[in-house]
Amino acid sequence: MAFFRSVTALSRLRSRVGQQSNLSNSVRWLQMQSSADLDLHSQLKEMIPEQQERLKKVKSELGKAQLGNITVDMVMFYVNSCLVEVIGGMRGMTGLLWETSLLDPDEGIRFRGLSIPECQKLLPAAKPDGEPLPEGLLWLLLTGKVGGGLRCDMISCTEQRAGRWLVQGIERSCHCPRPVPYIPLELHIICVVEYYVYKAIDALPVTAHPMTQFASGVMALQVQSEFQEAYEKGIHKSKYWEPTYEDSLNLIARVPVVAAYVYQRIYKDGKIIPKDDSLDYGGNFSHMLGFDDPKMLELMRLYVTIHSDHEGGNVSAHTGHLVASALSDPYLSFAAALNGLAGPLHGLANQEVLLWIKSVVDECGENVTTEQLKDYVWKTLNSGKNSSAVQFCILRSGFNTESLTVTLTPERFHWPVVPGFGHGVLRKTDPRYTCQREFALKHLPDDPLFQLVSKLFEVVPPILTKLGKVKNPWPNVDAHSGVLLNHFGLAEARYYTVLFGVSRSLGICSQLIWDRALGLPLERPKSVTLDWIEKNCKKAA
């Protein structure tokens, strides 16, 4: 189980946060929270009644306020005013409460009101001027507060008996380069994964996709669900959040162990690399994968942090929320989320980027010229894809649907997307791309693939802009992550979505705890048929 034992002295940070410009209203909520010295569980226990009352007040005072109009084209997809098929995906509809993050089309993601650059400045790091620790972001997602790290306690789990964890405290030092007087942060525990989890994974062919093996391992972890046990014993619904909290933090702590085993099983000798109690969450994950270069440890801290959450509407986050709304425990909910993440239109897309970049090198060489690169980009755009490419360009790149021709066939339709460019919500360069680029400039400026990515940043957007059909021609998070991982030796692109999954556990589980704390209901949207739409909407059109 992973949990924290010290808290943020937020009142001492308010002046610092106040200096940050353009913070959203969420930061006001962050600033108003109590700064009492409590452990994480106690802190949440103190905060939850306040937020429950806040939600009641919102329902009472703002319950009739309109957040937007639901139109047919949000549910349907039109081409030149002709109905093609139901693939709209509810894009643009506001229908979820998601507290931990908010995605702005121009600014990108904000975690509890803080942008990625602000998180890099404010969250604790493992070394001076280092990347933010995932533990610090987890604390922020759960409490809305910024934790520190002048001094940390590493706690290693030794045994579990009668449902109680016996822990051994090991005092460690931790650097916090941020000039904050005292913001103690408690680091994680990584609990031992039981033997049957490994057996469940081993029952699969070693050739099974890494995400299949990873999701199977998460399902096997469910045997230890405290929420399921408490629910079967008749726990009152007002207490649902407590076993959900235990399950969620246990899950967050265990998934790196499961993910590392999947990597070792498929690509290495299958041996388990023991955790290192001196390392943090991201550093330990890198270590268990077999990568101990200090720069790789830093990269994994950054990777996990920036991939952790992206508000609630994406497939994995929404799936986790939807399944959990049926009171499925965090293990079942997160396993479902992973299955959504494994789709080519979502998390699996990140492996395609590195493969495409390597295809450029294979055809043009490492010293590719700008003109050669332009030609290859146009070749990609004009290559033609099957019908799934149609959905890809719509859902990943914010494609301008009005400019499509009525007949969509593999012969006539060209792929207006370069892997790693475009996003369904963002309309500017993804800040997750930007921070990875800064990491590369700092640590691997001469890497040939990084230099190629830099050239793509110059070449691709103008080409996509010329097409006049892509709302966002700018690079997204996937455009850079594979090149960084490849530089440090993690070159197995097929595994990259597992890294994404480990990271996403922080965001999905944090929100799940608040789902239970706020008593959010079963999600059950209304569906309609084509006949119903034709009958009821023609007059309003």
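This one's a predicted model, so the numbers in the text were calculated from it and none came from an experiment.

Criteria and cut-off values
- Residues numbered from 1 in each chain as written.
- Predicted model: local features only at pLDDT ≥ 70, side-chain atom pairs only at ≥ 80, totals over all residues.
- Heavy atoms only, no water.
- Axes fitted to C-alpha atoms, helices over the stretch in contact; angles between N-to-C directions.
- Helix = DSSP H or I, 4+ residues; strand = E, 2+ residues; numbered from the N terminus.
- Parallel < 35°, antiparallel > 145°, perpendicular 65-115°, else oblique.
- Left-handed = near helix turned anticlockwise from the far one by under 90°.
- Contact = heavy atoms within 4.5 Å.
- Buried < 20%, exposed > 50% of the residue type's maximum accessible area, 1.4 Å probe, protein only.
- Pairing = 2+ DSSP bridges.
- Salt bridge = Lys/Arg side-chain N within 4 Å of Asp/Glu carboxyl O.
- Core = buried A, V, L, I, M, F, W, Y, C linked by side-chain atoms within 4.5 Å.
- pLDDT = per-residue confidence, 0-100.

## Some points on the packing of helix 3 (residues 40-62) against helix 21 (residues 496-517)
Point 1. Orientation of helix 3 relative to helix 21, taken along the N-to-C sense of each, is 60°, at an axis distance of 10 Å. Between helix 3 and helix 21, the angle falls in the class oblique. Viewed along their axes, helix 3 and helix 21 form a crossing whose handedness is right-handed. Of helix 21, the residues touching helix 3 (which contributes Leu44, Met47, Ile48, Gln51 and Gln52) are Ile513, Trp514 and Ala517.

## Regarding the pairing of strand 3 (residues 101-104)
Point 1. What you see with strand 3 is a clean split: Ser101 and Leu103 sit on the buried side and Leu102 and Asp104 on the side with no burial.
Point 2. In sequence, strand 3 turns back onto strand 4 (residues 108-111) through a hairpin of three residues.

## Focus: the pattern of salt bridges
Point 1. Within the structure shown, the criterion is met by 12 salt bridges.
Point 2. In this structure, the salt-bridge partner of Arg301 is Asp280, at a minimum N-O distance of 2.7 Å. In this pair, Arg301 sits in helix 12 (residues 294-306) while Asp280 sits in the loop between helix 10 (241-267) and helix 11 (281-289), placing the two residues 21 residues apart along the sequence. Like Asp280, Arg301 is buried.
Point 3. Here Arg301 makes a salt bridge to Glu298, at a shortest N to O gap of 2.7 Å. Placement of both Arg301 and Glu298 in helix 12 is noted, with a separation of three residues, approximately one turn of the helix.
Point 4. Of the residues examined, Arg301 reaches a relative accessible area of 7% and is grouped as buried.
Point 5. Through salt bridges that share partners, Glu107, Arg110 and Glu118 make up one connected network.

## Section: the nonpolar core
Point 1. Among the nonpolar cores identified, the biggest contains 112 residues, and Phe214, Leu289, Leu490, Tyr495 and Leu499 are the most heavily contacted of them.
Point 2. In this structure, Leu490 is in contact with Tyr263, Leu289, Phe291, Met296, Leu485, Tyr495, Tyr496 and Leu499, ignoring residues within four places of it in sequence.

## Regarding the sheet that holds strand 4
Point 1. An order of 3-4-5 is seen for the three strands of this open sheet, with the pairing classed as antiparallel. Two strands in the sheet have a free side with no partner beyond their single neighbour: strand 3 and strand 5 (114-115).
Point 2. As defined by bridge partners, strand 4 adjoins strand 5 across two bridges and the pair is classed as antiparallel. Directly across from Phe111, in strand 5, lies its bridge partner Leu114.

## Re the confidence of the model for the protein
Point 1. For the protein, the mean per-residue pLDDT works out to 77, and 72% of the residues sit at or above 70.
Point 2. When the criterion is pLDDT under 50, residues 148-188 qualifies, and its contacts beyond four places in sequence or with other chains add up to 121 contacts.
Point 3. Under a pLDDT of 50 for its full length, residues 385-416 has, in the predicted model, 81 contacts with residues more than four places off or in other chains.

## A word on the environment of Leu251
Point 1. Looking at the element boundaries, Leu251 is found in helix 10.
Point 2. Spatially, the C-alpha atom of Leu251 lies 7.8 Å from that of Pro330, the residues being 79 residues apart in sequence.
Point 3. Every residue in contact with Leu251, bar those within four places of it in the chain, is listed here: Val218, Leu221, Pro330, Tyr331, Phe334 and Cys509.

## Section: the side chain of Gln222
Point 1. Examined against the element boundaries, Gln222 turns out to sit in the loop between helix 8 (210-221) and helix 9 (226-232).
Point 2. When its relative accessible area of 12% is taken as the criterion, Gln222 is described as buried.
Point 3. For Gln222, the contacting residues outside a window of four places in its chain are Gln228, Asp329, Tyr331 and Leu332.

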